[in-house]
Each structure stands twice: as structure tokens, then as C-alpha cells.
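Chains, contacts and geometry: an overview
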Amino acid sequence: MNKKRLYFIDVVRAFAILMMLQGHFIDTLLDVSYRDDSNLAFSIWKYFRGITAPTFFTISGLIFSYLLIKAKRSGDVVYRMKKGFYRGLLLIGIGYLLRAPIFQWLYGDFNSPYFLLVDVLQCIGLSLILVVGIYKLTFKKTLLFSITMCLLGFLIFLTEPLYRYLDLPDVPRVFANWITKDYGSVFNIIPWFGYVAFGAFIATIFYKYLERPKFKLSIILGFVICGFFLILKSGWFLMQLYYITDIELLKDVAYYNYLFTRLGNVFVLFAIFYALEDYIKQPLLLKIGQKTLSIYVIHFIIIYGSFTGVGLHQLIGKTLLPWQAIIGAAIFLSTVCFISFYYVKTNAFVYQHLRRLSDKIRHYKGNLK
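These lines cover the structure that appears in this document, whether it is placed above or below. Worth saying up front: this structure is predicted, and the values here are computed from it rather than measured.

Rules behind the numbers
Residues numbered from 1 in each chain as written. Predicted model: local features only at pLDDT ≥ 70, side-chain atom pairs only at ≥ 80, totals over all residues. Heavy atoms only, no water. Helix = DSSP H or I, 4+ residues; strand = E, 2+ residues; numbered from the N terminus. Contact = heavy atoms within 4.5 Å. Axes fitted to C-alpha atoms, helices over the stretch in contact; angles between N-to-C directions. Parallel < 35°, antiparallel > 145°, perpendicular 65-115°, else oblique. Left-handed = near helix turned anticlockwise from the far one by under 90°. Nonpolar A, V, L, I, M, F, W, Y, C, P; charged D, E, K, R; others polar. Expected span 1.5 Å × (residues − 1). Buried < 20%, exposed > 50% of the residue type's maximum accessible area, 1.4 Å probe, protein only. Arc of directions from axis to C-beta. Polar contact = N/O pair within 3.5 Å; in protein donor to acceptor, adjacent residues only side chain to side chain. Core = buried A, V, L, I, M, F, W, Y, C linked by side-chain atoms within 4.5 Å. 1 Å grid on protein atoms, 1.4 Å probe; cavity = no way out; pocket = protein on both sides within 12 Å on 5 of 7 lines; lining within 4 Å. Points joined across faces, edges and corners; volume = space filled by probe spheres on them. Phe/Tyr/Trp six-rings, centres within 6.5 Å; stacked < 30°, edge-to-face > 60°. Lys NZ or Arg CZ within 6 Å of the ring centre and 35° of its normal.

1. Regarding the environment of Leu121
Mapped onto the secondary structure, Leu121 falls in helix α5 (residues 120-137). For Leu121, the contacting residues outside a window of four places in its chain are Leu91, Ile92, Ile94, Gly95, Leu98, Leu293 and Tyr296.

2. Regarding the packing of helix α16 (residues 292-304) against helix α18 (residues 322-342)
Look at α16 against α18: their axes get within 9 Å of each other, and the N-to-C directions meet at 125°. One way to sum up the angle between α16 and α18 is to call them oblique. Every pair of crossing elements has a handedness; the one defined by α16 and α18 is right-handed. The residues of α18 that touch α16, namely those facing Ser294, Ile295, Ile298, His299, Ile302 and Ile303, are Phe332, Val336, Cys337, Ile339 and Ser340. Looking at the contact of α16 with α18 residue by residue, the class counts come to eight nonpolar, three polar and no charged.

3. Here's the deal with helix α11 (residues 234-245)
Over its twelve residues, α11 extends 16 Å from the first C-alpha to the last, a length consistent with the 16 Å expected when each residue adds 1.5 Å. Among all positions of α11, only Ser234, Gly235, Leu238, Met239 and Tyr242 are buried. The arc that holds the buried residues of α11, viewed along the axis, is 140°, so those residues lie on one side. The exposed set on the far side of α11, more than 90 degrees from its buried face, consists of Tyr243 and Ile244. Elements that come into contact with the buried residues of α11 comprise α6 (142-158), α10 (215-232), α12 (248-255) and α13 (258-275). Residue Asp246 follows α11 closely and has a positive phi angle near 60°.

4. A short note on the side chain of His24
Position of His24 among the secondary structure elements: in helix α1 (residues 7-29). By relative accessible area, His24 is classed as buried at 15%. Among the polar contacts listed, one links the side chain of His24 to the side chain of His299, at a separation of 2.8 Å. If sequence neighbours within four positions are ignored, His24 has contacts with Arg49, His299, Ile303 and Tyr304.

5. Looking at the nonpolar core
Nonpolar side chains tend to gather and get buried jointly when the protein is soluble and globular. In this structure, Phe57 and Phe206 are the most contacted members of the largest nonpolar core, which totals 109 residues. Each residue touching Phe57, except ones within four places of it in the same chain, is listed here: Val120, Cys123, Ile124, Phe187, Trp192, Tyr195 and Val196.

6. Description of empty space enclosed by the protein
Across all of its chains, the model carries one cavity of 30 Å³ or more by this definition. What lines the largest cavity is Gly95, Leu98, Arg99, Asp119, Val120, Leu121, Gln122, Tyr296 and Phe300. In terms of residue count, the dominant contributor to the lining of the largest cavity is α5 (three residues). Looking at the lining of the largest cavity residue by residue, the class counts come to five nonpolar, two polar and two charged.

7. Here's the deal with the packing of aromatic side chains
Aromatic rings in a pair are described by how distant their centres are and how their planes are angled relative to each other. Taken as a whole, this structure holds 28 aromatic pairs when the rule is applied. Between Phe85 and Tyr86, the ring centres sit 5.6 Å apart and the planes meet at 75°, which makes this aromatic pair edge-to-face. Note on Phe85: relative accessible area 35%, which makes it partly exposed. Judged by centre distance (4.9 Å) and plane angle (65°), the ring pair of Phe157 and Tyr195 falls under edge-to-face. Of this pair, Phe157 sits in helix α6 while Tyr195 sits in helix α9 (residues 189-209), placing them 38 residues apart in sequence. As far as the burial class goes, Phe157 and Tyr195 line up, both buried. Of the aromatic side chains, those joined through ring pairs into one cluster are Phe57, Phe154, Phe157, Phe187, Trp192, Tyr195, Phe198 and Phe260. Seen from the ring of Trp236, Lys233 lies directly overhead, with NZ or CZ sitting 5.7 Å from the centre.

8. Structural notes on unusual backbone geometry
Ile190 connects to Pro191 through a cis peptide bond whose omega is 15°. For Phe139, which is not a glycine, the phi torsion comes out positive at approximately 60°. Its place among the elements puts Phe139 in the loop between α5 and α6. Here Lys140, not a glycine, exhibits a phi torsion of approximately 60°, which is positive. By secondary structure assignment, the location of Lys140 is in the loop between α5 and α6. Overall, Lys140 belongs to the partly exposed group, its relative accessible area being 29%.

Next up, the structure:
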């Protein structure tokens, strides 16, 4: 095995996608009467479910930016930037495609607002495009890119009260859904790009210091210290800054401090997985971490009924007892991973057809000339 490869990244991605799968399954199918925040088991599940998306966005920013910066050494940075740009477009396209009401369209009904909602894939896709753009604007200088991404992450998190309830009645929904939840979008590009930005910042640290003898111990300690500070003291720190500066925005952030707290959770998870990397880099987990896109697509189709309109959400609804939801989630995770491993080559299939389409367009343009 390549000692310099960051295996913990694939393990973290595997953890995030599996948590996302079970979270979507239980949230979609568990009977409403059992959603009691006073119940310890449900509260723990709900808390860890809240960590899933921040982890997914942060690790996405880390791995993409690390590979982007690392490409400078091999002289492939331009290729990596183009690949990242097209992958971003691909994720945005798949995100919309999964919500496409095909049968409604066949009957001539094109008024479904569900298709225009923005979700995880679209946000990650646009985030990758933004990272490529920022990397180019910083002249491919790692230090400048690092500082920019760190400051951008803080800026997005610290200004969250300004766009928390943003209302854009005059903006077309296809655009408004990216930055407001008014029309039903669960994820918006802000604040979620903030996690990607912090992931990109962490990537620059790995790139700069990975080969240093005591780097692993140092970064693990850094993750633990920063993580627990953000979890336990970030709200207090923001209030101290408010007392000093009298900037009302800092108080507003401190009173609803979920972004920095969740980032702290992510840092602690990174510390745990990186510390245990030699013990948990099992082939199965690594494979799951490398196939997150196909796993996400398959799970979305099964639960929400993409394309057909018939999924577990429509067939079962919120009717399961807790023990049924737990057993069902385990079966669901196993089934989705099995399908992804042995029957579906989502990434390869999509990339192959996009390349064919791109070749045809270039050939067509050549004939026009």
C-alpha cells in the first residue's frame, strides 16, 4: 500500500455516506410518534445525523483540493482543474435528474417545483466549480489559496444570520433555490460551501506538511484541540468578541452557533479516523468511500422513487416502528452497497456517455468550421 495515500479520507467518506443512507431511511420511514427529542436514543441518532452533511461537505473539499494542489507536482494541474469543473457540472446535472418527474412530463405537466429544488449533489457540484475558480484566481499559489479558503469559510459562517431567512420573491426559483429555503430546498450553497472551504484549507496543510516526521501526531492533536474548542467554547468566544466590538452580528451567530459547532464535530471525527487509519483501512470501507456517487444515486432512487415516482417513501411512508426502522436501515445499507459494487457502474457509465457527447459536439463544431 502507498504510505503517502490518505486512506482515512476514504474511510471518512464511507462513514459519511453510510450515515447519510441510514439517516434518510429512518427519517423517511420512522413513525412520527417515535420522534421524541426527550428520548435519549432518538436524540443521539438525531445529533449524529446532524454531523453527516458537514462531514460530507468538508471531506469533499479536502480530497478535491488536495488532489488539485498535488497535481502541480506532476504537471497535471490544468487537466485536474478541467476534470473538477466537468465533475461539478456532472454532479449538478445528476442532482436535478434525480428529481426529474419523468411521468409528469410525459403527460405534459411541467409545473412541478420539486425538480428545481437544490440538494447535496448540486451544492457539492457548484462547490467544486467554485474551488477551481478560486484556485485559478489565486494564481495556483498554495499559500494564497490556503489563506483565501480559510477566510472565506469564516466569512460564510460569521455572516450566516444575514442570509438565514433570505427572501427572494423576484428571483426565478431555479436560481433562488440555491440560496434560500423558501421554496423547499434543504441545502443551499451558503452556508454549505463554508465547509468545503474549510476542507480545502485543511488540504493545503496536508499538502505542505504530510511528509514531515511528526505531522500525523500534530494534525491529530490540532483536530482534537480545535474540534473541542469549536464545540464547547466557540459560542463563548463569539460573545467575548461581541462585548469587545459591539458588533451585533457576532451575538447573533453565537446565539445560533450550529455551523462552528458542527465543524468542531467534523474535526473530532477526522482526528479519530486519522488516528485509527492503520486499523480501519479495510478494503470494504475503502471501496464504499470510493463509490459514494453511485451509492447516493441508488439510495435516492430506492427511497424517493426518482424517475418512476415510486419509492419506499411512497410505498411505506412514516409507518415503521423503531426496531423495524433499525433492521430495515441495515438491510437497506447492505442492499444499496451490493447493487453499487456488483451491478451499477454509475460513474463510469455517466463519464463514458458525457465523453461521447463531448466528442460529437467537437466533431460538429469542426465540420462547421
